[in-house]
Amino acid sequence: MKLKITLLLLMVAAVAQGQLQPDSSFSQDGYHLSNSSSTEYGRKMIELDNGDLLVAGTRIVNGKNNMSVWKFKPNGSLNQSFGVNGYAENSLTTIRTFTMQDIAIQGDGKILLLTTHSIPNADANLRVNLIALIRFNSDGSVDNSFGTNGYILSRPDTAYTFTPFSLAVDPNSPSSFYVSSQAVENGHATCPLGFGKWCLSKYKNDGSLDNGFNNSGYILDDADELRQATTTSPVAHINDIRVMPDGKLVGGGALFVLDQGYFTFGMLPNGQWDNTYGTNGRSYHSPGYSTPATIISQSKVLPNGRVVLNTIARYQHMGSDSTVIQAIKCDETGTQMTNFGSNGVLTYSYPSEQYQTFAFRQDESFVISWYRKNGSNDQKVEFAHFNPTGQLDLSFGNNGRLSTQLMTLDLYSNASVVFDILWSRDETRLFGAFSKQQPPSNIPEQAVFSYKWAGASPLNVKEPFLGAKPSIYPNPSQSQLQLVLPNGETSSDIKIYSVNGALVLQQPFKETIDVSSLLSGVYFMSLDGYAPVTFMKK
């Protein structure tokens with residue numbers, strides 16, 4: 001019998017408008033524990049249109065890692081109509097499974113997971129990592145039309161081993177998607193310094209490589225190509241990628257530690273650099289501090305194409321662990337924003353050696369969260385809140401930091417890790433996914449929590465790419481298109497792009513659009529808050 005757990009929120013300052021408070025409407029006092037006999041980890045989250053929450057992670061059953069997705073209702077209970085008793089899983093093969101990396105929803109509602117699979121070897125240098133893609137139908141059943149038994153193990157170049165980082169769905173072709181990864185020459189798995197490269201791969205709906213991307217379905221290159229200059233090491237990590245409404249790909253990451261720099265880039269759907277972005281499609285940033293291409297450097301591409309890049313330095317001392325975050329922010333053209341933080345660099349320290357995770361609002365303000373272990377009676381999940389320009393919000397919590405004690409008793413010295421945090425679409429709630437080892441069994445359990453943001457007014461937000469599509473007719477068209485939005489709604493400017501990503505027409509919203517001046521071919525129409533639509537001009 002597990003000990004009864006009580007959720008407490010400890011605040012030094014009085015609760016005021018704009019503070020996170022436990023969401024009593026979510027499961028039991030704001031959190032859900034898996035209470036399973038198996039080891040479970042939830043690492044990535046995404047919210048659906050109806051408010052349901054998907055949590056992607058791993059269930060370890062009899063020593064075998066199963067790739068899993070749990071579906072929670074807005075009240076924190078498992079949606080029993082999804083998969084089996086609220087969760088779906090695919091055990092793949094006997095190959096050992098590593099960390100869940102990312103989750104995405106395709107245009108048809110299918111759920112796509114990205115993870116790493118490893119073929120072990122007695123000589124660690126000979127270990128082979130593969131890009132693993134798993135797909136479920138929207139009801140949680142395995143999508144057997146995808147690869148073999150619902151999964152694909154991808155190795156774009158057999159001379160390399162691949163470790164994936166990020167997944168991005170193409171809104172203009174909702175069935176295709178991109179993966180960023182690190183590639184290391186075979187035989188050098190533990191020391192990629194002189195043998196590592198970066199890779200971007202594009203896949204069709206059936207999981208095969210899209211040969212329309214760079215004529216091969218992937219790009220495999222050295223850091224020199226991103227830096228546009230000679231680098232000490234060929235290693236570079238593309239930590240995050242996002243497809244913009246015009247079909248262009250934006251990404252960011254870090255170079256090897258001796259090269260001390262971040263990079264961002266813009267790329268066309270065919271795999272060519274977007275020359276309207278940065279210099280020849282790329283931007284290099286030397287922030288003046290170490291930026292190693294490892295797990296301690298991360299990036300986040302925001303919906304408008306801006307990129308936040310950050311690195312942490314961890315200091316471990318008995319009873320006084322600490323971490324320093326340093327970050328920069330780039331605008332839509334790849335230019336570093338000097339009004340972010342202090343002279344373009346945000347620096348923040350917190351009392352834990354645990355990794356942090358970020359959650360951004362629509363206005364680009366953000367929260368970071370981490371788990372703080374300080375002995376058996378001081379286990380806390382903590383938060384800090386920053387405004388859009390990277391200034392600490394001193395009205396939040398106690399001088400910008402809020403400490404919450406989620407569960408007691410928590411006697412295990414390193415019991416929890418905050419893996420991911422996510423704002424609800426209306427930005428009134430903050431969700432979190434973390435692992436939890438609870439006495440007396442100390443078996444790692446999946447835990448999901450929810451906080452309310454007191455006093456927040458719900459946003460009327462339509463999630464780009466996932467909402468209903470506008471209707472256009474006739475399609476193909478020779479002269480005029482008729483545009484109909486769901487429920488008679490309106491939008492802001494209408495933008496039309498060529499297949500190469502060039503903006504060819506922009507006008508205020510109206511239901512009749514004159515396309516007679518366009519050349520014959522395929523075009524993409526983008527409207528704020530709606531999934532892009534494709535049409536053909538005769």
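If you're wondering where the values come from, they're calculated on a predicted model, not measured in any experiment.

As for the overall build of the chain
- If you tally the helices and strands in the chain, you get one helix and 37 strands.
- The proportion of buried residues among the 538 residues of the chain is 55%.
- Approximately 21,600 Å² of the chain is accessible, and the part contributed by carbon and sulfur atoms is 48%.

Here's the deal with the environment of Lys197
- For Lys197, the position within the fold is in strand 14 (residues 196-203).
- Sequence separation between Lys197 and Ala183 is 14 residues, and the spatial gap between their C-alpha atoms is 5.1 Å.
- Aside from chain neighbours lying at most four places away, what touches Lys197 is Tyr160, Ser181, Gln182, Ala183, Leu220, Asp221, Asp222, Pro234 and Ala236.
- A polar contact is formed between the side chain of Lys197 and the side chain of Asp222, at a distance of 2.5 Å.

Some words on the confidence of the model for the chain
- On average, residues of the chain carry a pLDDT of 82, and 82% of them reach 70 or more.
- Averaged pLDDT values for the elements of the chain fall to 28 in strand 1 (residues 6-8) and rise to 97 in strand 15 (residues 218-221).
- The low-confidence segment residues 1-17 (pLDDT under 50) makes 45 contacts with residues lying over four places distant or belonging to another chain.
- Long-range and interchain partners of residues 409-414, a stretch whose pLDDT sits below 50, account for 20 contacts in this model, where long-range means more than four residues apart.

Concerning the pattern of salt bridges
- If you walk through the whole model with that rule in mind, you get 15 salt bridges.
- Across the salt bridge formed by Arg306 and Glu332, the nearest N and O atoms sit 3.2 Å from each other. In this pair, Arg306 is assigned in the loop between strand 20 (297-301) and strand 21 (307-315) and Glu332 in the loop between strand 22 (322-330) and strand 23 (346-350), connecting sequence segments 26 residues apart.
- Using a relative accessible area of 21% as the deciding quantity, one classes Arg306 as partly exposed.

Digging into the nonpolar core
- Residues Leu20, Phe383, Ile421, Trp423, Leu430 and Phe449 are the most contacted members of the largest nonpolar core, which totals 19 residues.
- Residue assignment for this core shows that the elements contributing at least two residues are strand 3 (31-33), strand 25 (366-373), strand 26 (379-386), strand 28 (417-423), strand 29 (429-437) and strand 30 (444-453).
- With 18 residues, the next largest nonpolar core counts Ala236, Leu255, Phe265 and Trp273 among its residues.

Observations regarding the sheet that holds strand 34 (residues 503-507)
- Across the sheet, which stays open at both edges, the four strands sit in the order 34-33-36-37 with antiparallel pairing between neighbours. Lying at the two open borders of the sheet, with one neighbouring strand each, are strand 34 and strand 37 (533-537). Strand after strand, the sheet turns through a mean of 25 degrees between neighbouring axes, direction not considered.
- Across five bridges, the pairing between strand 36 (residues 521-527) and strand 37 is antiparallel. From the neighbouring strand, Gly521 faces strand 37, where its bridge partner is Lys537.

Things to note about the packing of aromatic side chains
- Under the defined criterion, the tally for this structure stands at 21 aromatic pairs.
- A ring pair is formed by Phe383 and Tyr451, whose centres lie 5.2 Å apart and whose planes are at 80 degrees; its orientation type is edge-to-face. Here Phe383, found in strand 26, pairs with Tyr451, found in strand 30; they are 68 residues apart in sequence, far enough to count as distant.
- Note on Phe383: relative accessible area 0%, which makes it buried.
- These aromatic residues form a ring-pair network of at least three members: Phe340, Tyr348, Tyr350, Phe358, Phe360, Phe366, Trp370 and Phe386.
- We note Arg227 situated over the ring of Tyr284; from NZ or CZ to the ring centre the distance is 3.6 Å.
- Against the face of Trp423 rests Arg361, its NZ or CZ located 4.0 Å from the ring centre.

Quick notes on the pairing of strand 13 (residues 177-185)
- Burial analysis of strand 13 places eight of its nine residues in the buried class, which makes it a mostly covered element.
- The pairing of strand 12 (residues 160-169) with strand 13 spans nine bridges and is classified as antiparallel. Residue pairing in the sheet places Pro164 in a bridge with Ser181 of strand 13.
- Inspection of the sheet shows strand 13 paired to strand 14 by eight bridges, in the antiparallel sense. Along strand 14, the bridge assignment pairs Tyr178 with Lys202.

Some details on the environment of Leu114
- Here Leu114 shows up in strand 9 (residues 111-119).
- For the pair Leu114 and Arg135, spaced 21 residues apart in sequence, the C-alpha to C-alpha distance is 9.1 Å.
- Apart from the residues lying within four places of it in its own chain, the contact partners of Leu114 are Met100, Gln101, Asp102, Ile131, Ala132, Leu133, Pro164, Phe165, Ser166, Leu167 and Val179.

Calculation criteria
Residues numbered from 1 in each chain as written. Predicted model: local features only at pLDDT ≥ 70, side-chain atom pairs only at ≥ 80, totals over all residues. Heavy atoms only, no water. Helix = DSSP H or I, 4+ residues; strand = E, 2+ residues; numbered from the N terminus. Buried < 20%, exposed > 50% of the residue type's maximum accessible area, 1.4 Å probe, protein only. Areas by Shrake-Rupley, 256 points an atom, 1.4 Å probe, with all protein chains shown as cover. Contact = heavy atoms within 4.5 Å. Polar contact = N/O pair within 3.5 Å; in protein donor to acceptor, adjacent residues only side chain to side chain. pLDDT = per-residue confidence, 0-100. Salt bridge = Lys/Arg side-chain N within 4 Å of Asp/Glu carboxyl O. Core = buried A, V, L, I, M, F, W, Y, C linked by side-chain atoms within 4.5 Å. Pairing = 2+ DSSP bridges. Axes fitted to C-alpha atoms, helices over the stretch in contact; angles between N-to-C directions. Phe/Tyr/Trp six-rings, centres within 6.5 Å; stacked < 30°, edge-to-face > 60°. Lys NZ or Arg CZ within 6 Å of the ring centre and 35° of its normal.

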